[in-house]
Amino acid sequence: MSSLGELRNISRSARKNGPKVRENYRDNKVAYLFLLPWMLGLLLITVGPMIASLYLSMTDYNLLQSPNFIGFQNYIDMMDDSRLWASFRVTVTYVVVSVPLQLILALGIALLLDRGLRGLALYRSILYLPSLLGASVAVAILWRQVFGSDGIVNAFLALFGIDGPGWISNPDTALGTIILLHVWTFGSPMIIFLAGLRQIPRMYYEAAEVDGASMVRSFRSITLPLLSPIIFFNLVLQIIGAFQSFTQAYIVSGGTGGPSDSTLFYTLYLYREGFTNFQMGYASAMAWFLLLVIAAFTALNFWLSKYWVFYED
């Protein structure tokens with residue numbers, strides 16, 4: 001009898017909940033319909049090309065003939081490519097120098113803007129503009145003119161009787177000009193830092209003032225610890241973006257990576273191998289190596305974050 005009663009209860013529950021199940025199913029169909037463009041884009045624009053690139057990285061493909069499968073030969077050849085490793089050193093130098101300088105400048109300006117300046121929205125918009133324009137071809141061309149032999153920088157130095165060098169044509173200074181361009185595009189991390197600073201409760205600073213803490217001590221003991229998740233977020237994003245930098249080096253060097261390969265970024269060398277030398281298989285292998293390098297740097301940052309990033313409970 002108890003079993004018969006349980007069956008009746010299940011049947012009654014199914015009749016009662018049946019319309020809700022069908023309604024939830026219809027809602028899910030609508031959700032999947034709206035997600036369909038994104039899912040198609042993911043498969044056709046991201047996942048599909050990545051799988052094709054992985055296959056091409058194991059082929060001898062020159063864009064003119066059918067791919068010829070050669071296994072891991074492209075990866076083996078990369079180990080003996082001295083120019084590849086030279087471009088990798090240039091890129092790592094660019095990342096290691098430009099990213100910290102950019103974040104320091106962005107944080108410093110965010111601290112100034114956080115002091116309640118009149119017309120904050122206007123200043124914030126103006127200072128954000130370099131991030132919008134910095135990666136453009138037009139700004140890279142302008143940058144090349146500014147640091148050229150007859151550019152604005154040398155014209156300014158000439159006022160003081162200083163004969164400036166050709167900053168772009170000198171191997172010792174060419175990379176520095178591109179690093180300076182990257183530092184100049186501090187707007188995006190600055191906005192994120194400013195938003196993070198606005199989330200720190202003012203009562204912490206008031207308590208520090210009561211205890212007689214200086215501004216430097218408050219910055220070290222309150223601002224940096226509470227802002228460390230934002231610093232970490234900006235650090236990861238900027239490192240990933242810096243490794244993928246291409247336009248600035250291509251325009252400033254005229255697409256050659258010169259002088260003396262001093263601005264030969266890894267991405268620029270990859271582009272030249274794929275679209276100038278038509279070694280698309282080799283370029284695909286280089287792209288996957290870059291992916292692994294970025295993943296390694298990101299994993300290292302996440303591992304190190306447990307020693308300096310603090311999250312509020």
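This write-up is about the structure you can find in this document. (Residues numbered from 1 in each chain as written. Predicted model: local features only at pLDDT ≥ 70, side-chain atom pairs only at ≥ 80, totals over all residues. Heavy atoms only, no water.)

**What about unusual backbone geometry?**
Phase 1 of the analysis: With an omega of 0°, the peptide bond running from G258 to P259 counts as cis.
Phase 2 of the analysis: If you trace the backbone, P259 turns up in the loop between α11 (247-252) and α12 (266-276).
Phase 3 of the analysis: Unlike most non-glycine residues, D261 shows phi in positive territory, near 60°.
Phase 4 of the analysis: Inspection of the secondary structure puts D261 in the loop between α11 and α12.
Phase 5 of the analysis: Under the relative-accessibility criterion, D261 is labelled partly exposed at 24%.
Phase 6 of the analysis: Despite not being glycine, F278 has its phi angle at roughly 60°, a positive value.
Phase 7 of the analysis: Along the chain, F278 turns up in the loop between α12 and α13 (280-308).
Phase 8 of the analysis: Exposure remark for F278: the relative accessible area of 39% places this residue in the partly exposed category. (Helix = DSSP H or I, 4+ residues; strand = E, 2+ residues; numbered from the N terminus. Buried < 20%, exposed > 50% of the residue type's maximum accessible area, 1.4 Å probe, protein only.)

**As for the nonpolar core**
Phase 1 of the analysis: Membership of the largest hydrophobic core comes to 55 residues, with the highest contact counts inside it found for M78, Y94, F193, F265, Y266 and M286.
Phase 2 of the analysis: With near-sequence residues (within four places) excluded, F193 lies in contact with L103, A106, L107, A110, L227, I230, I231 and N234. (Core = buried A, V, L, I, M, F, W, Y, C linked by side-chain atoms within 4.5 Å. Contact = heavy atoms within 4.5 Å.)

**Here we look at the environment of L197**
Phase 1 of the analysis: Here L197 is to be found in helix α8 (residues 187-198).
Phase 2 of the analysis: Considered as a pair, L197 and A213 are 16 residues apart in the sequence and their alpha carbons are 19 Å apart.
Phase 3 of the analysis: In contact with L197, not counting residues within four places along its chain, are A110, L111, D114, T223 and L227.

**Focus on the packing of aromatic side chains**
Phase 1 of the analysis: In the structure shown here, the tally under the stated rule is 18 aromatic pairs.
Phase 2 of the analysis: Ring centres of F156 and F160 lie 5.2 Å apart, and the angle between their planes is 70°; on these two criteria the pair is classed as edge-to-face.
Phase 3 of the analysis: Taking relative accessible area as the criterion, F156 reaches 48% and is therefore assigned partly exposed.
Phase 4 of the analysis: Linked through ring pairs, W85, F88, Y266 and F289 together constitute an aromatic cluster. (Phe/Tyr/Trp six-rings, centres within 6.5 Å; stacked < 30°, edge-to-face > 60°.)

**Thoughts on α12**
Phase 1 of the analysis: Every buried residue belonging to α12 is among Y266, T267, L268, Y269, L270, E273 and G274, and all of these are buried.
Phase 2 of the analysis: With its phi angle positive at about 60°, F278 sits one or two positions after the end of α12.

**Considerations on the environment of I76**
Phase 1 of the analysis: With respect to the helices and strands, I76 occurs in helix α2 (residues 73-79).
Phase 2 of the analysis: Between the C-alpha atom of I76 and that of A285, which follows or precedes it by 209 residues, the distance is 9.9 Å.

**Some words on the pattern of salt bridges**
Phase 1 of the analysis: With the rule as written, the count across this model stands at three salt bridges.
Phase 2 of the analysis: Measuring nitrogen to oxygen at the nearest pair gives 3.8 Å for the salt bridge that ties R202 to D114. You can see R202 sitting in helix α9 (residues 202-210) and its partner D114 sitting in the loop between α3 (82-113) and α4 (120-133), a full 88 residues away along the chain.
Phase 3 of the analysis: Using a relative accessible area of 17% as the deciding quantity, one classes D114 as buried.
Phase 4 of the analysis: A single salt-bridge network, built from bridges that share partners, covers D114, R198 and R202. (Salt bridge = Lys/Arg side-chain N within 4 Å of Asp/Glu carboxyl O.)

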